[in-house]
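# Topology and contacts: notes
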Amino acid sequence: MFYAIGVLVRARLQITRNNLIRSSLGNKIGLAFLLVLGSLAMLGLYSFTRFTVSLLRDPEFAALLREAAETTPGLPTAIAPLLAAVPSMIMLIALTLLIFSSFTSLLNSLYLAGDLDMLLVAPVPMRAVFVVKFFGGLLTQYLILFVLLAPVLVGYGHGMAYGFFYLVSVLVALLVVPFLPAGLGAMLVMGVVRIIPARRARELVSILGGLIGVTFFLLSQFSRQFIASVAGPDTLALLLLLDMPLLPSTWAGRALVASGEGQWLTLLGYGSLFLGTSLAVFAACLVLAERLYYDGWSNLANQGGKLRARKAIERNAWLPGRTLVARLLPSEARALLAKDLRLFFRDLRNLQALIFPLALAGIWTFQALTTPNTLESPAVAWALPFVQLLSAGIAFFICLSISSVLAGTGISREGKAFWLLKLAPISASRLLLGKMTLAFLPFPVIGTAFLLILALVGHQSPGIFVQQWVLLMLVGLGCAAFGIGLGAAFPRLDWENPQQQATWQSGCLSTIFYPLYLGLMLLLVAGSGSLGVVLGGGVAGFGIQLTGWSAAAIVTLGVIWSGLKIGVKGLDRIEL
């Protein structure tokens, strides 16, 4: 088995070397820049940790801490127990991150790699393939550990004046720490794949990862309130509770401290416990891999789509032809809209992409409702039209982020299957109309609900709500049409990864166009309202406002016409 592992590792290293040599000059420069940036980050983490630990061990700091404890009851005066618990906390963070990341990485490496079919039919032991794929899936985790955690642990050791044996223990701990979470994750992966298809499991884990990411984002947005509520002398004492002897992170942390302080019996006890547990879990993976890994791969190879009969009512329920908006669309555009909606909700990764925009909408709604409006004083009456339409601007960015997820890059989302639409009896203008409707859909659905909630809670007048809604609809139509037009003018149909759909031309032009178009629309609508207020209102003020709204509508019609025109010409240039 060891010889087969060596052959597979040498082959992988040779492939990596060839890819690096044959890569473009830009990729090599980018890789060198990342290496320099990573080295600077490691140096910064090391220097900061060493300086902080040395400062905390300074006798003058201890004297200041004792003086502060006299005026602040409950403040700990001994900093040594807290410093001794730092490695355990660092290892707990490492184990937590590895638990959340190892499942997805091992799922991709063990079951969704492109070379898996050739490896499993090659004359090499199954366990050799498992070992190579197991550690191949942990390369990213090892990179993160040695770039982010290794400088912190080394800086901590130098700050504590630890010697050479501490550095050796840090190296061993970082090499072994992924074994426990990754081993448990590998056994969980091999068990889950026997029940759930691997690709479906990856989509479910992606949604879970999106929820976890949104949770951390929410905590960062409300970190000030959270820190203010929990900050206090008792918080430091609560941190010591994380240094529990039953946690594997505590075993590794106490072994590191023991190696630095020369406590060899403690190092032998905790080090053997941590190392033995990690290696035992990895050994269990090797034993189970002989049967479970092959069974999971064979199930994956035999999985196929299942045909099931759909009732006519269920089939028609997907067609948006019964809604008022869809009745205004031609049948071809309506069919394309129904197809895109159905395909969107089939892929759970699209739902993951929707999590962050929806969470952002919730945060902005909360902040808009809780932040007092300080511009509603008579001294700034000319600015009231801008303030009244501020909610429309917030709703625009929320809907635009959801629209970019829902419609994507328009034509590029079809990929290599675009030839089906190219040969279908549907004109380019109606094809773009169906795509534009999908991109515009979040504005009347989510944008209207967002503005209505703000209007009801903020006790806004119906007139202000109508102005905000009309402005949002106008801006949404213009951005949807121009974005879809750019996607058709600069498509990318040969993508392999969905993240490769966007082209730099459409991305740069849309990034420039959206804020300029929104600013122009606000200037026409709110500027005319401010000018009417300055002139004293009345018939003259109403006429100026009407002129501003008419100009905004004309500009939007021009943007829609230009976007569709650019898109039609782009589709005509595409050759099969």
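Please refer to the structure higher up on the page.
Criteria and cut-off values
Residues numbered from 1 in each chain as written. Predicted model: local features only at pLDDT ≥ 70, side-chain atom pairs only at ≥ 80, totals over all residues. Heavy atoms only, no water. Helix = DSSP H or I, 4+ residues; strand = E, 2+ residues; numbered from the N terminus. Buried < 20%, exposed > 50% of the residue type's maximum accessible area, 1.4 Å probe, protein only. Contact = heavy atoms within 4.5 Å. Areas by Shrake-Rupley, 256 points an atom, 1.4 Å probe, with all protein chains shown as cover. Expected span 1.5 Å × (residues − 1). 1 Å grid on protein atoms, 1.4 Å probe; cavity = no way out; pocket = protein on both sides within 12 Å on 5 of 7 lines; lining within 4 Å. Points joined across faces, edges and corners; volume = space filled by probe spheres on them. Nonpolar A, V, L, I, M, F, W, Y, C, P; charged D, E, K, R; others polar. Core = buried A, V, L, I, M, F, W, Y, C linked by side-chain atoms within 4.5 Å. Patch = residues over 30% accessible without salt bridge, like charges linked within 9 Å, V, L, I, M, F, W, Y side chains within 5 Å. Salt bridge = Lys/Arg side-chain N within 4 Å of Asp/Glu carboxyl O. Axes fitted to C-alpha atoms, helices over the stretch in contact; angles between N-to-C directions. Parallel < 35°, antiparallel > 145°, perpendicular 65-115°, else oblique. Left-handed = near helix turned anticlockwise from the far one by under 90°. Phe/Tyr/Trp six-rings, centres within 6.5 Å; stacked < 30°, edge-to-face > 60°.

### Side note on the overall build of the protein
Along the backbone of the protein there are 27 helices and zero strands. Residues classed as buried in the protein amount to 39% of the 576 residues present. The long-range share in the protein, meaning contacts at least 24 apart out of those at least 6 apart in sequence, stands at 81%. Accessible surface, the protein: about 31700 Å² in total, of which carbon and sulfur atoms supply 71%.

### Points about helix α25 (residues 462-489)
Along its 28 residues, α25 runs 40 Å from first to last C-alpha, staying within 8% of the 40 Å computed at 1.5 Å per residue. Where burial is concerned, most of α25 is hidden: 21 out of the 28 residues are buried.

### Remarks on unusual backbone geometry
The phi torsion at Ala161 lies on the positive side, around 65°, for a residue other than glycine. Following the sequence through the fold, Ala161 ends up in the loop between α8 (139-159) and α9 (164-176). Ala161 sits in the exposed class, given a relative accessible area of 61%.

### Remarks on empty space enclosed by the protein
Where empty space is left in the structure can be found by rolling a water-sized probe over the atoms. Taken as a whole and judged by the stated rule, the model has one cavity of 30 Å³ or more. A volume near 30 Å³ is recorded for the largest cavity. In terms of lining residues, the largest cavity is bounded by Ala392, Gly393, Phe396, Leu471, Leu472, Val475, Leu518 and Leu522. Within the residue set of the lining of the largest cavity, elements represented by two or more residues are α21 (390-407), α25 and α26 (504-534). Per-class residue counts for the lining of the largest cavity are seven nonpolar, one polar and no charged.

### Side note on the nonpolar core
In terms of nonpolar packing, the biggest core is built from 62 residues, with Phe396, Ile411, Leu471, Val475 and Leu571 touching the most fellow members. The leading source of residues in this core is α25, at 13 residues. Contacts of Phe396, omitting those with residues within four sequence positions, involve Phe443, Leu472, Val475, Cys479 and Leu518. By size, the runner-up hydrophobic cluster in this structure holds 44 residues, among which are Ile5, Ile90, Ala94 and Val177.

### So, helix α10 (residues 179-193)
Its 15 residues give α10 an end-to-end C-alpha distance of 20 Å, which sits within 8% of 21 Å, the value for a rise of 1.5 Å per residue. Along α10, eleven of the 15 residues are buried, which leaves the element largely enclosed by surrounding structure. Buried residues of α10: Phe179, Leu180, Pro181, Ala182, Gly183, Gly185, Ala186, Val189, Met190, Val192 and Val193, and no others.

### Brief notes about a nonpolar patch on the surface
A cluster of nonpolar side chains, contributed by Phe164, Phe165, Leu167, Val168, Val172, Trp264, Leu275 and Leu279, occupies part of the molecular surface with about 750 Å² of accessible area. Counting only elements with at least two residues in the nonpolar patch, the list comes to α9 and α15 (264-302). With five residues, α9 is the largest single contributor of residues to the nonpolar patch. Mapped onto the fold, Leu167 is located in helix α9. By relative accessible area, which is 32% here, Leu167 ends up partly exposed.

### Remarks on the environment of Val466
Within the element layout of this structure, Val466 appears in helix α25. It is 9.5 Å that separates the C-alpha atoms of Val466 and Leu451, two residues lying 15 residues apart in sequence.

### Focus on the side chain of Gln141
For Gln141, the position within the fold is in helix α8. Beyond its immediate stretch of four places on either side in the chain, Gln141 contacts Leu98, Ser101, Ser102 and Ser105.

### Thoughts on the packing of α9 against helix α14 (residues 248-261)
Remark: α9 packs on α14, axes separated minimally by 7 Å, with the N-to-C direction vectors making an angle of 160°. One way to sum up the angle between α9 and α14 is to call them roughly antiparallel. In terms of crossing hand, the pair formed by α9 and α14 is right-handed. For the pair α9 and α14, contact is made by Phe165, Tyr166, Ser169, Val170 and Ala173 and by Leu256, Ser259 and Gly260, respectively. Here the residues of the contact of α9 with α14 sort into five nonpolar, three polar and no charged.

### Comments concerning the environment of Gly271
Along the polypeptide, Gly271 turns up in helix α15. Residues Gly271 and Ala252, 19 residues apart in the sequence, show an inter-C-alpha distance of 6.5 Å. When near neighbours in sequence (up to four residues on either side) are disregarded, Gly271 contacts Ala255 and Thr266.

### Section: the environment of Trp419
Mapped onto the fold, Trp419 is located in helix α22 (residues 418-423). In this structure the C-alpha to C-alpha distance between Trp419 and Ile574, which are 155 residues apart in sequence, comes to 9.6 Å.

### Looking at the pattern of salt bridges
Evaluation of the coordinates by the stated rule reveals three salt bridges. Across the pair Asp340 and Lys435 runs a salt bridge, and its minimum N-O distance is 3.3 Å. Here Lys435 lies in helix α23 (residues 428-440) and Asp340 lies in helix α18 (residues 331-346), a separation of 95 residues in the sequence. Shared partners join several salt bridges into a network, and the residues in it are Lys339, Asp340 and Lys435.

### Focus: the packing of aromatic side chains
For any pair of aromatic rings, the description consists of the separation of the ring centres together with the inter-plane angle of the planes. The final tally for this structure, using the stated rule, is eleven aromatic pairs. With a centroid separation of 5.1 Å and 55° between ring planes, the pair formed by Tyr162 and Tyr166 is classed as tilted. Note on Tyr162: relative accessible area 10%, which makes it buried. On the numbers, 5.4 Å between centres and 75° between planes, the contact of Phe165 with Trp264 is edge-to-face. Linking Phe165 in helix α9 with Trp264 in helix α15, this pair joins segments that are 99 residues apart in sequence. Here Phe165 falls in the exposed class, since its relative accessible area comes to 52%. Taken together, Phe396, Phe397, Phe440 and Phe443 form an aromatic cluster joined through their ring pairs.

### Details of the packing of helix α24 (residues 442-457) against α25
Here α24 crosses α25 at 155°, and the two axes come no closer than 10 Å. Here α25 runs roughly antiparallel to α24, going by the angle between their axes. Pair α24 / α25 crosses with right-handed handedness. Taken together, the residues of α25 that come into contact with α24 (itself represented by Phe443, Pro444, Gly447, Thr448, Leu451, Leu452 and Ala455) are Phe465, Gln468, Trp469, Leu472, Met473 and Gly476. Split by residue class, the contact of α24 with α25 holds nine nonpolar, four polar and no charged.

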